[in-house]
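Now for the letters of each chain:
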Amino acid sequence: MARAAPKSPKPATLPESSITQPGLVPIEKNGEPSAASRFRIFIVDSGWNSAARRVLHENFALIRDLQREDPIYVLSRERSIEFMRRHGSRIGRDPIIAVHDMQALEKGGTAGFHGFRLSLGLLHTPEQALLGLQAFARFLVTHRNSADLEADIRAGLRREGLTGAIEIVMQHEAREIGM
Amino acid sequence: MLDRFGEAISVVLGALALAYLVYEIDRRKRRLRDLFHVLGSEEADISGELLSMVESGELQPYSREARA
């Protein structure tokens with residue numbers, strides 16, 4: 001179970017407070033987001049002392065390098081806490097990585113499909129969190145040019161459901177034969 | 001008599017196994033949905049909030065230079 005940190009340690013690679021100040025250096029052209037970015041990535045992290053938070057902080061630079069076409073917005077701890085207070089059902093699920101699909105947003109606004117999110121805080125071990133983060137980064141990179149992102153995600157979730165069913169049956173069979 | 005009883009037990013056990021399978025698949029689907037899912041109309045208010053933070057300039061994109 002994740003415990004609340006009495007005082008949030010200074011993150012090693014995710015300098016949250018510095019990046020929400022106005023007047024920052026504009027994003028550079030080479031390897032950084034352009035106007036044509038497909039995604040906008042938001043990180044909401046209120047600072048729970050959790051494995052997921054540590055994994056995110058330790059791998060943030062790599063995520064940034066993998067997603068250099070898209071802007072990443074990191075909410076400060078204070079702003080994240082305010083955010084969680086307004087949306088209480090999300091408490092304990094953070095760090096949350098929300099990705100807006102700008103193509104979908106331009107078409108239909110926020111009323112319909114407009115992106116996807118990963119509630120990394122629900123993964124309790126460092127291994128699970130790292131695997132989740134890696135799968136998420138892979139998904140972003142491989143679906144950047146997807147014509148129908150929503151269909152891709154829903155198909156993926158259905159596939160996961162089927163894989164899960166097979167897994168359950170296999171586990172049951174393995175138990176039956178005493179493996 | 002014994003055959004019938006055996007059959008009935010088999011049917012009950014089969015039904016229980018099927019029910020467990022359905023329950024487990026549903027549980028995993030819900031867990032996966034909690035973990036990773038699409039943003040739709042349910043999250044419209046949250047997304048709108050994030051968008052307005054960007055549009056108002058409250059949120060600036062991360063850049064390496066800003067860290068330095």
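Bear in mind the structure is a predicted one, so any value in this text is a computation, not a measurement.

**Quick notes on the overall build of chain B**
Here is step 1 of the chain: When helices and strands are tallied, chain B shows 3 helices and 1 strand.
Here is step 2 of the chain: Listing the helices and strands of chain B from first to last along the sequence gives α-β-α-α.
Here is step 3 of the chain: Taken along its principal axes, the extent of the C-alpha atoms in chain B is 80 × 30 × 10 Å.
Here is step 4 of the chain: Counting the 68 residues in chain B, one finds 16% classified as buried.

**With respect to the sheet that holds strand β5 (residues 96-101) of chain A**
Here is step 1 of the chain: Overall, mixed pairing links the 5 strands, which are arranged β4(A)-β2(A)-β5(A)-β6(A)-β1(B) in an open sheet. Looking at strand neighbours, the two that pair on one side only are β4 (72-74) of chain A together with β1 (36-39) of chain B, the edges of this open sheet. Strand-to-strand twist of the sheet, defined as the mean angle between neighbouring strand axes without regard to direction, takes the value 20°.
Here is step 2 of the chain: As judged from the 4 bridges shared by strand β6 (residues 115-119) of chain A and β1 of chain B, these two strands associate in the antiparallel manner. When the bridges of β1 of chain B are listed, G115 of chain A appears paired with L39 of chain B.

**Let's talk about the domain arrangement of chain A**
Here is step 1 of the chain: Once the domains are mapped, chain A shows domain 1 (10-19 + 29-146) and domain 2 (148-179).
Here is step 2 of the chain: Contact with domain 1 of chain A, which involves 6 residues of that partner, is made by 5 residues of domain 2 of chain A.

**Section: the environment of A19 of chain B**
Residue and element names in this part refer to chain B.
Here is step 1 of the chain: Within the element layout of this structure, A19 appears in helix α1 (residues 2-35).
Here is step 2 of the chain: The class of A19 is exposed, set by 10 C-beta atoms lying within 10 Å.
Here is step 3 of the chain: Remark: the alpha-carbon pair of A19 and G40, spanning 21 residues in sequence, is separated by 31 Å.

**Quick look at helix α1 (residues 51-66) of chain A**
All names here are of chain A.
Here is step 1 of the chain: The terminal C-alpha atoms of α1 lie 22 Å apart, and with 16 residues this matches the ideal 22 Å at 1.5 Å per residue to within 8%.
Here is step 2 of the chain: Along α1, the sharpest change in direction is near 55° and occurs at N59.
Here is step 3 of the chain: When we look at burial in α1, the residues that qualify are A52, R53, V55, L56, F60, I63 and R64.
Here is step 4 of the chain: Tucked inside the fold, the buried residues of α1 contact β3 (48-49), β4 and α4 (126-142).

**Structural notes on the pairing of β6 of chain A**
Each regular strand carries side chains that alternate between the two faces of the sheet.
Here is step 1 of the chain: Counting buried positions along β6 of chain A gives 5 out of 5 residues, so the element sits mostly inside the fold.
Here is step 2 of the chain: Judged by which residues are buried, β6 of chain A turns out to be covered on both faces: G115, R117 and S119 of chain A on one side and F116 and L118 of chain A on the other are all buried.

**Section: the packing of α1 of chain A against α4 of chain A**
Helix packing geometry: the angle between the two helix axes and the distance between the axes.
Residue and element names in this part refer to chain A.
Here is step 1 of the chain: Packing of α1 against α4 leaves a shortest axis separation of 9 Å and a crossing angle of 25°. Considering the angle they form, α1 stands roughly parallel to α4. Relative to α4, α1 is oriented so that their crossing is right-handed. Between α1 and α4, the residues in contact are A51, A52, R54, V55, L56, N59, I63 and L66 and P126, A129, L130, L133, A137 and V141, respectively.
Here is step 2 of the chain: Here the contact of α1 with α4 is built from residues that sort into 12 nonpolar, 1 polar and 1 charged.

**As for unusual backbone geometry**
Here is step 1 of the chain: Here the bond from D94 of chain A into P95 of chain A is cis, since omega is 5°, no more than 30 degrees from zero.
Here is step 2 of the chain: Here P95 of chain A shows up in the loop between α2 (77-86) and β5.

**Here's the deal with the environment of H100 of chain A**
Here is step 1 of the chain: Looking at the secondary structure, you find H100 of chain A in strand β5.
Here is step 2 of the chain: Residue H100 of chain A is classed as buried on the basis of its C-beta count, with 25 C-beta atoms lying within 10 Å.
Here is step 3 of the chain: For the pair H100 of chain A and R117 of chain A, spaced 17 residues apart in the sequence, the C-alpha separation amounts to 8.6 Å.
Here is step 4 of the chain: Discounting chain neighbours no more than four positions away, the residues touching H100 of chain A are F39, R40, L105, H114 and G115 of chain A together with S47 of chain B.

About the criteria used
- Residues numbered from 1 in each chain as written.
- Chains lettered and ligands numbered in written order.
- Predicted model: local features only at pLDDT ≥ 70, side-chain atom pairs only at ≥ 80, totals over all residues.
- Helix = DSSP H or I, 4+ residues; strand = E, 2+ residues; numbered from the N terminus.
- Buried ≥ 20, exposed ≤ 12 C-beta atoms within 10 Å, placed from the backbone.
- Pairing = 2+ DSSP bridges.
- Axes fitted to C-alpha atoms, helices over the stretch in contact; angles between N-to-C directions.
- Domains from an automatic or database assignment.
- Contact = placed C-beta atoms within 7 Å.
- Expected span 1.5 Å × (residues − 1).
- Bend = angle between axes of the 7 residues up to and from the residue.
- Parallel < 35°, antiparallel > 145°, perpendicular 65-115°, else oblique.
- Left-handed = near helix turned anticlockwise from the far one by under 90°.
- Nonpolar A, V, L, I, M, F, W, Y, C, P; charged D, E, K, R; others polar.

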